[in-house]
Amino acid sequence: QVTLVESGGGLVQAGGSLRLSCVASGLAFGRYTMGWFRQAPGKEREFVAAITWWDGVKYYADSVKGRFTASRDNAKNSVYLQMNSLKPEDTAVYYCAAGRNIYNNYDYWGQGTQVTVSS
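Residues numbered from 1 in each chain as written. Predicted model: local features only at pLDDT ≥ 70, side-chain atom pairs only at ≥ 80, totals over all residues. Heavy atoms only, no water.

1. A closer look at the packing of aromatic side chains
How two aromatic rings sit relative to each other is set out by the distance from centre to centre and by the angle between their planes.
Link 1 in the chain: One pass over the full model with this rule turns up eight aromatic pairs.
Link 2 in the chain: Taking the centre distance of 4.9 Å and the plane angle of 55° together, the rings of F37 and W109 count as tilted. Pair noted here: F37 is in strand β4 (residues 33-39) and W109 is in strand β10 (residues 106-109), with a separation of 72 residues, a long-range link.
Link 3 in the chain: Overall, F37 belongs to the buried group, its relative accessible area being 6%.
Link 4 in the chain: Three or more aromatic residues joined by ring pairs make a cluster, and in this case those are F37, F47, Y59, Y103, Y106 and W109. (Phe/Tyr/Trp six-rings, centres within 6.5 Å; stacked < 30°, edge-to-face > 60°. Helix = DSSP H or I, 4+ residues; strand = E, 2+ residues; numbered from the N terminus. Buried < 20%, exposed > 50% of the residue type's maximum accessible area, 1.4 Å probe, protein only.)

Encoded structure:
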């Protein structure tokens, strides 16, 4: 009964921007850390960003610091990822997840949304 649904992916030119959204249902959203992960073709899924449930602190992978901004709206059961200055190496399927930690051990996952950055 827990569902996470991502949206906002698409095809953009290098240097462009996208804003991803994830809407959750069936869980106490305000008591879960929300994370963003991505998986490029032929590569393992990697951590992108997270916002803790206990203090709202944001964490980012080094590869996206200064370019991506995560946010959450507990009243809307939603988490967002603003992606600026996109690079071709950002091309991947992006997933949102809900859990009790920061970098791993997430309990629930969305289906993913494709982000493609052309050069």
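2. Observations concerning the nonpolar core
Link 1 in the chain: Among the nonpolar cores identified, the biggest contains 36 residues, and W36, V48, F68, L81, M83 and Y94 are the most heavily contacted of them.
Link 2 in the chain: For this core, the elements supplying multiple residues, two or more each, are β3 (18-25), β4, β5 (46-51), β7 (68-73), β8 (78-83), β9 (92-99) and β11 (113-118).
Link 3 in the chain: Setting aside anything within four residues of it in sequence, one finds V48 in contact with W36, F37, R38, Y59, Y60, A61, V64, F68, L81 and Y94. (Core = buried A, V, L, I, M, F, W, Y, C linked by side-chain atoms within 4.5 Å. Contact = heavy atoms within 4.5 Å.)

3. A look at unusual backbone geometry
For residues besides glycine, phi is generally negative; the peptide bonds are generally trans as well.
Link 1 in the chain: Positive phi is not limited to glycine here, since N77 has a value of about 50°.
Link 2 in the chain: Structurally, the position occupied by N77 is in the loop between β7 and β8.
Link 3 in the chain: Look at N77 and you get partly exposed, because its relative accessible area is 24%.
Link 4 in the chain: Non-glycine residue N105 carries a positive phi angle of around 65°.
Link 5 in the chain: Tracing the backbone through its elements, the reader meets N105 in the loop between β9 and β10.
Link 6 in the chain: Classification of N105 by relative accessible area gives exposed; the value is 54%.

4. Structural notes on the side chain of E6
Link 1 in the chain: Structurally, E6 is set in strand β1 (residues 3-7).
Link 2 in the chain: R45 provides the closest opposite charge to the buried, salt-bridge-free E6, at an N-O distance of 7.5 Å.
Link 3 in the chain: A polar atom in the side chain of E6 sits 2.8 Å from the backbone nitrogen of C96.
Link 4 in the chain: At 3.1 Å, the side chain of E6 forms a polar contact with the backbone nitrogen of Q111.
Link 5 in the chain: Among all residues touching E6, those that are not within four sequence positions of it are S21, C22, W36, Y94, Y95, C96, G110, Q111, G112 and T113. (Lys, Arg positive; Asp, Glu negative; His and termini not counted. Salt bridge = Lys/Arg side-chain N within 4 Å of Asp/Glu carboxyl O. Polar contact = N/O pair within 3.5 Å; in protein donor to acceptor, adjacent residues only side chain to side chain.)

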